[in-house]
Amino acid sequence: MSGEPGAAARAAAALRQPRRSAGLKLLLVCVLAVLMSIPALFVFLLLNDRTHRAEEVTREISAVVGGPQTFLGPVVAVPYAIPAADPKQAPERDVFVIFPITGEAQVDAKSEVRRRSLFKVPVYQADLAFKAHFDLTGSAARAPVGAALDWSRAELVAAASDARGARSDITLTAAGRTLPVAPAATFSQIALKGDDNSPSPAGLTFFGAPAAEVVRPDAVFDATARMRFSGAQRLAVLAFAKTTTVSARSDWANPSFDGGFLPDPGRRTIGPQGFTAAWSVPFIARGVPAQGASETLGRLGQTAMGVSFVEPANPYRSVARSLKYALMFVSLVFLAYFLFETLSGKRVHPAQYLLVGLAQVIFYLLLLSIAERIGFDGGFAVAAVATVGLISAYAGWVFERWKQGIIALIAFSLLYALIYVLMRLEDFALLVGAVTSFAAVAAVMYFTRRIDWYGSRDPAAAPDL
């Protein structure tokens, strides 16, 4: 009997002490989820560092093989001078460019992947064959007003954006004659404008051959050009004629077509053995005059027909995309733990939530480090299995129920499967993420609909949900 008063006193004290507010606990869990964005930010900074290093390697290798290449087929270049109004002033000098009536280009590119440490760069060696039909009839009449064309210095010129990629001498022929090729005498370089879809602004380096014996006013002739160049990442051909057709093929299985024009529908194939593509650009679509001053060449940038040699699975882009949803997935795991806590009546300390959050942040470190070596898919599988196994086992330890651990394993496996789906469905990632978040919040609202969020003085067990 002597112990009864003490027991009664403890029971009375328990009645006077309010239970911990579930509402405050949920707010605390939300704050902890937001705080986990801080270590996730450091992972993102590390990712940026690795990405910049990969870009440096790309530039280093591109400097050796030629980088992204843009090519121009044969055109006629005729120097001219316009006398100044004041005899004491020097005349205005430029080059009158005449484009062929029709032009064809055939590109055959062999690809390979260069490696430096963990980083890979797709490179290629391309054989290019150009055919052009010129009709200079009446072209002199369309020269700039007052221009005196110097036909004795006329050249047949072709161009590439990076001469370091040349793997053989360029061959130019006109009217069946093979012409000696050297750096163009009329002009050497020109910048391209308007190629907004290219990875970076490009310029052209010109190679020419004296062609005064063939290039004359009102002359009609055919010309060809052959080149062999190496490059990295991208290859493009400009619409060098009034009407230009281009056909390209390569053994690269993951092309990305870009530039001012896309391949013609029905004339593009992509498979494991490579790709083929064909373009046709009529004069009205080209948007550049049939002849003009040298600045006319710069406007051809908007007519590029390009293909980028894209890596099939860039781990850095995929990891960066997954990091954008880090806060959402940490929050979903925390909400799952909160539901387990609410339904079981077992309290979970904030420090335990932090440990679960750190495990999820380390998931991204594992993903980045492993994906660099075995690719994103393999890296994701290893990192996800390790993380899901850890936080599911931890749920079993915390709630002291193996059944709770199995439920957590199923729930978190589905969650990380969703992360993978988001990475693969890039166009639908936002939609899937939004729907999933909505469904998760709706589930929490349903399962906690009978909770006393303010906390009650009633020491009864957790409510039946």
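Because the structure is predicted, anything quoted here is derived from the model rather than measured. (Residues numbered from 1 in each chain as written. Predicted model: local features only at pLDDT ≥ 70, side-chain atom pairs only at ≥ 80, totals over all residues. Heavy atoms only, no water.)

Draft legend 1. View of the overall build of the protein. Across its full length, the protein carries 11 helices and 19 strands. Burial status across the protein gives 47% buried among its 465 residues. Pairs at least 24 residues apart make up 79% of the contacts formed inside the protein by residues separated by at least 6 positions. Just so you have it, the protein exposes about 23,200 Å², and 60% of that area is on carbon and sulfur atoms. (Helix = DSSP H or I, 4+ residues; strand = E, 2+ residues; numbered from the N terminus. Buried < 20%, exposed > 50% of the residue type's maximum accessible area, 1.4 Å probe, protein only. Contact = heavy atoms within 4.5 Å. Areas by Shrake-Rupley, 256 points an atom, 1.4 Å probe, with all protein chains shown as cover.)

Draft legend 2. Inspection of the environment of Val333 at higher detail. You can see Val333 is positioned in helix 7 (residues 326-344). Classification of Val333 by relative accessible area gives buried; the value is 0%. Along the chain, Val333 and Ala408 lie 75 residues apart, while their C-alpha atoms are 9.4 Å from each other. Look past the residues within four positions of Val333 in its chain and what remains in contact with it is Val356, Gln360, Ile391, Phe412 and Leu415.

Draft legend 3. Quick peek at the pairing of strand 7 (residues 171-174). As paired strands, strand 7 and strand 12 (residues 220-232) are joined by four bridges and run antiparallel to one another. Counted as the bridge partner of Leu172 is Ala225 from strand 12. The loop that links strand 7 with its antiparallel partner strand 8 (residues 177-179) comprises two residues; one of these, Ala175, has a positive phi angle of about 55°. (Pairing = 2+ DSSP bridges.)

Draft legend 4. View of the pattern of salt bridges. Enumeration over the complete set of coordinates arrives at 13 salt bridges. A salt bridge links Glu56 to Arg53; the nearest nitrogen and oxygen atoms lie 3.4 Å apart. A residue pair is termed a helical-turn pair when its members lie 3 or 4 positions apart in one helix, as Glu56 and Arg53 do in helix 3 (residues 37-65) at three residues. Judged by relative accessible area, Glu56 falls into the partly exposed class, the value being 35%. A salt bridge links Arg228 to Asp127; its shortest N-O distance comes to 2.5 Å. Here Arg228 is found in strand 12, whereas its partner Asp127 is found in strand 4 (residues 119-135), with 101 residues between them in sequence. Asp127 sits in the partly exposed class, given a relative accessible area of 30%. Taken together, the salt bridges that share partners define one network made up of Arg50, Glu372 and Arg373. (Salt bridge = Lys/Arg side-chain N within 4 Å of Asp/Glu carboxyl O.)

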